[in-house]
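Below, each chain spelled out in residue letters.
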Amino acid sequence: MLQTLLAALALAAQPADTPPAPEPAAPAVEPDTRPHVALVTDLGTMIVRIEDRRAPVTARNFLRYVDAKRLDGFKFYRSTRSWGPANMLVQAGNRGDARLNFPPIAHEPTTQTGLTNCKGALSMARLNPGDATSDFFVLLSDIKGFDADAQGGDGAGFAVFGELVAGADVAEKIYAAPISETLGEGVMLGQMLDPQVAIRSARRVPAPADAPKGCVVKAP
């Protein structure tokens, strides 16, 4: 009897099987709340992501054109093929009624926004800092000389405000489109598309599920 009791107590003292610890939950992926815009052109559709927090003035200006549907009918009119593979971009803007332009905006240098003119960057075209209105360009190569802190630059550079996240092949088609040998003045001679490539519509769209992280935000 005593031996049976001791055996029972020994069994009760043994630790019960411990269930396996649950796997740690994967960290929640925060949705990308940055605005995205689909540019539907004669040669296909590109989607650009707008850095509205880092470049609020320039982003707000671009989205103002989008929301007012003023980009509809604007043209991609320039390809810098004559500059070679190290300086590739296509430029778009208002090539018609100047009354469609909103007032010029303040310049946001890359030294202020923390953005950079890398391949895929969406940047404002300008003559002088503070005179940008509707014209912008998409980079098809890194052009770090466009950054405000580039050596030999003017200290202002070109304001980055977004990035191409889908439709890079469309940008390449525009870049490779026919060029006029006679149109254009100064540095633009031999860079004017003929015919120009129209933007049929520009509308806000949801963020693509497979949008790349991108390169315009400088690493800390």
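Since the model is a prediction, treat every value here as computed from it, not as a measurement.

Trainee: Which residues make up unusual backbone geometry, and what values do they have?
Mentor: Along the chain, aspartate 194 connects to proline 195 via a cis peptide bond; the corresponding omega equals 10 degrees. Looking at the element boundaries, proline 195 is found in strand S8 (residues 192–205). Phi is positive for lysine 69, close to 60 degrees, though the residue is something other than glycine. Within the fold, lysine 69 resides in the loop between helix H2 (56–67) and strand S3 (75–79).

Trainee: Summarise the nonpolar core; cite the residues concerned and give the values.
Mentor: Membership of the largest hydrophobic core comes to 48 residues, with the highest contact counts inside it found for Val37, Ile50, Phe62, Leu71, Phe76 and Phe136. Top contributing element to this core by residue count: H2, with five residues.

Trainee: Which residues make up H2, and what are the values?
Mentor: Taking 1.5 Å per residue as the helical rise, H2 with its twelve residues ought to reach 16 Å, and the 16 Å between its terminal C-alpha atoms agrees with that figure. The complete set of buried residues in H2 reads Thr58, Ala59, Asn61, Phe62, Leu63, Tyr65 and Val66. Buried residues along H2 sit in contact with strand S1 (36–41), strand S2 (44–50), strand S5 (121–124), strand S6 (136–139), strand S7 (160–166) and S8.

Trainee: So what's going on with the sheet that holds S7? Residues and values would help.
Mentor: One closed barrel accounts for eight strands, arranged S1-S2-S7-S5-S6-S4-S3-S8; its pairing is antiparallel. Sheet twist, expressed as the average angle between the axes of neighbouring strands with direction ignored, equals 35 degrees. Sheet topology note: the S3/S8 ladder contains three bridges and is antiparallel. What sits directly across from arginine 78, in S8, is methionine 192. Helix H4 (residues 168–175) rests against S1, S2, S3, strand S4 (89–93), S7 and S8 of the sheet, and its axis sits at about 115 degrees to S2.

Trainee: So what's going on with the packing of aromatic side chains? Residues and values would help.
Mentor: For the structure on display, the rule yields eight aromatic pairs. Ring centres 5.7 Å apart and planes at 65 degrees place the aromatic pair phenylalanine 137 and phenylalanine 146 in the edge-to-face group. Just as phenylalanine 137 is buried, phenylalanine 146 falls in that class too. Grouped by ring-pair contacts, the aromatic residues Phe62, Phe76, Phe136 and Phe161 constitute a single cluster.

Trainee: Would you mind going over the environment of alanine 176 in detail, with residue names and values included?
Mentor: Position of alanine 176 among the secondary structure elements: in the loop between H4 and S8. In the structure, alanine 176 is positioned 97 residues away from serine 79 in sequence and 7.6 Å away in space, judged by C-alpha atoms.

Trainee: Describe the state of the cysteines, and please don't skip the residues or the numbers.
Mentor: For the structure shown, the criterion picks out one disulfide. The partner cysteine of cysteine 118 in its disulfide is cysteine 215, sulfur to sulfur 1.9 Å. One quick way to see it: the torsion about the S-S bond of cysteine 118 and cysteine 215 is about 90 degrees, and its sign makes the bridge right-handed. In this pair, cysteine 118 is assigned in the loop between helix H3 (110–113) and S5 and cysteine 215 in the segment after S8, connecting sequence segments 97 residues apart.

Trainee: I'd love a proper account of the side chain of serine 123, names of residues and values included.
Mentor: Within the secondary structure, serine 123 sits in strand S5. With a relative accessible area of 0%, serine 123 lands in the buried category. A polar atom in the side chain of serine 123 sits 2.7 Å from the side chain of asparagine 117. In this view, serine 123 contacts Asn117, Phe136, Phe137, Ala159, Val160 and Phe161; residues no more than four positions away in its chain are not counted.

Scoring rules and cut-offs
- Residues numbered from 1 in each chain as written.
- Predicted model: local features only at pLDDT ≥ 70, side-chain atom pairs only at ≥ 80, totals over all residues.
- Heavy atoms only, no water.
- Helix = DSSP H or I, 4+ residues; strand = E, 2+ residues; numbered from the N terminus.
- Core = buried A, V, L, I, M, F, W, Y, C linked by side-chain atoms within 4.5 Å.
- Buried < 20%, exposed > 50% of the residue type's maximum accessible area, 1.4 Å probe, protein only.
- Expected span 1.5 Å × (residues − 1).
- Contact = heavy atoms within 4.5 Å.
- Pairing = 2+ DSSP bridges.
- Axes fitted to C-alpha atoms, helices over the stretch in contact; angles between N-to-C directions.
- Phe/Tyr/Trp six-rings, centres within 6.5 Å; stacked < 30°, edge-to-face > 60°.
- Disulfide = S-S within 2.5 Å.
- Polar contact = N/O pair within 3.5 Å; in protein donor to acceptor, adjacent residues only side chain to side chain.

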